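In case you want the letters, here they are:
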Amino acid sequence: MKKLKSHLKELQCMNRIILILGASGEMAQNFINNYDNKKNILLFDLKLNKTLKNKYKKNYFSKFTKEFREKVNKSSIILNFIGEIYLTDRMKYKNVVFLKKILNTLDKNKKKIFIHLSTAGVYNYLDLETDKKYENKLAYNFYEKTKIDGENLLFDYEKLNRKFKLRIIRVAGLIDLKKSNLKTNLYKLSKVKFILLLKRKK
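Starting afresh in each chain, residues are numbered from 1 along the sequence in its written order. Side-chain atom pairs in this predicted model are given and counted only at pLDDT of 80 or more, local residue features only at pLDDT of at least 70, and totals for whole chains, interfaces and linings cover all residues. Side-chain figures throughout are based on the complete set of non-hydrogen atoms in the structure, without hydrogens or water.

## A word on the overall build of the protein chain
Here's step 1: In DSSP terms, a helix is any run of H or I states spanning at least four residues, a strand is any run of E spanning at least two, and both are numbered starting from the N terminus. Of the regular secondary structure elements, the protein chain holds seven helices and six strands.
Here's step 2: Along the chain direction, N to C, the helices and strands of the protein chain fall in the order α-β-α-β-α-β-α-β-α-β-α-β-α.
Here's step 3: Only protein chains enter the accessibility calculation, which uses a 1.4 Å probe; a residue is then buried when its area is under 20% of its type maximum, exposed when over 50%, and partly exposed in between. Within the protein chain, the proportion of its 202 residues that are buried is 44%.
Here's step 4: Between two residues, a contact is recorded if the distance between any of their heavy atoms is within 4.5 Å. Long-range pairs, those at least 24 residues apart, make up 63% of the contacts in the protein chain with a sequence separation of at least 6.
Here's step 5: Residue exposure ignores everything except the shown protein chains as possible cover, and the areas themselves are Shrake-Rupley values with a 1.4 Å probe. As displayed, the protein chain offers around 12300 Å² of accessible surface, 52% of which is attributable to carbon and sulfur atoms.

## Re the pattern of salt bridges
Here's step 1: For salt bridges, the criterion is a side-chain nitrogen of Lys or Arg within 4 Å of an Asp or Glu carboxyl oxygen. Using the criterion set out here, one finds three salt bridges in the structure.
Here's step 2: With a closest N to O distance of 3.9 Å, Glu67 and Lys71 form a salt bridge. Taken as a pair, Glu67 and Lys71 lie in helix α4 (residues 66–72) at a separation of four residues, close to a single helical turn.
Here's step 3: Residue classification places Glu67 among the partly exposed residues on the basis of a relative accessible area of 36%.

## Thoughts on the nonpolar core
Here's step 1: Leu19, Leu21, Phe44, Phe68, Phe114 and Phe164 are the most contacted members of the largest nonpolar core, which has 21 residues in total.
Here's step 2: Looking at this core, the elements with two or more residues in it are β1 (18–21), β2 (41–44), α4, α5 (88–105), α6 (142–160) and β6 (164–171).
Here's step 3: Here the element with the most residues in this core is α5; it accounts for four residues.
Here's step 4: When near neighbours in sequence (up to four residues on either side) are disregarded, Phe44 contacts Leu19, Ile20, Leu21, Gly22, Ala23, Phe61, Ser62, Lys63, Phe64, Phe68, Ile82 and Phe98.
Here's step 5: Of all hydrophobic cores here, the second largest spans 19 residues; its members include Ile18, Leu79, Ile115 and Val171. Throughout this description, the term nonpolar core refers to a set of buried Ala, Val, Leu, Ile, Met, Phe, Trp, Tyr and Cys residues connected via side-chain atoms within 4.5 Å.

## As for the sheet that holds strand β3 (residues 60–61)
What holds strands together in a sheet is hydrogen bonding between their backbones, with the strands either parallel or antiparallel.
Here's step 1: Spatially, β3-β2-β1-β4-β5-β6 is the arrangement adopted by the six strands of the open sheet, whose pairing is parallel. Every interior strand has two partners, whereas the edge strands, β3 and β6, have only one.
Here's step 2: The rule for pairing is simple: two strands pair if DSSP sees at least two bridges between them. Here β2 runs beside β3; their pairing, made up of two bridges, is parallel. Among the inter-strand pairings, Phe44 is bridged to a residue of β3, identified as Phe61.
Here's step 3: Only the contacting stretch of a helix is used when fitting its axis, a line to C-alpha atoms as for every element, and angles between N-to-C directions run 0 to 180 degrees. Helix α2 (residues 26–34) rests against β1, β2, β4 (77–80), β5 (112–119) and β6 of the sheet, and its axis sits at about 155° to β1.
Here's step 4: The strands touched by α6 are β5 and β6; relative to β6, the strand with the most contacts, the crossing angle is about 160°.

## Observations concerning the pairing of β5
Here's step 1: Counting buried residues along β5, seven of its eight residues qualify, which places the element largely inside the surrounding structure.
Here's step 2: Summarising the sheet, β4 and β5 pair through four bridges and their orientation is parallel. When the bridges of β5 are listed, Leu79 appears paired with Ile115.
Here's step 3: In this region the chain leaves β4, passes through α5 and returns to the parallel neighbour β5; the handedness of that crossover is right-handed.
Here's step 4: Here eight bridges tie β5 to β6, and the two strands are oriented parallel to one another. Looking across to β6, one finds that His116 is bridged to Ile168. When the strands point away from the viewer and the path from the first strand over the helix to the second turns clockwise, the crossover is right-handed.

Read these as layout, nothing more, since geometry by itself doesn't imply function.
Okay, structure coming up:
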């Protein structure tokens, strides 16, 4: 929780416009609730959330409209919470195709920090040399394959655009233990750096 709060303070001090993708999700809501400068945030969901639409009005979007495309390029920081871990038929769109649509929307002449939430499951846990952590990946299932494909899109975009800075946060699945690869991921995470986003205490 301390690391999350420190990142929040850092972003708030910057006083920049932040675009939050997947605003209705639990982790995104935890972030928004902890973030003070709500006038500086833009929200996007793949499915309309009427509560958020009524609250944030012109700063909330659920479609790639002309207005949304314009506002995307006014943001300095993009936080991507969108991803699919359970429904196989939605994984490719949410984990890969959606990222491509966002990247195609960006103005390459404007500076952008892109913070992407991903998984520790992309690592080849048989060979976890820290200096190879961006190269040494191996998919053990379709979900991990789509996450790797999505990350590769982001890495390729960063290589071609000097004004685009990518940051990846790897989250361990601790909420649904039956469906998460907890044991494998804990081993992987013991070898590389990670940030764990915790649920805010009520």
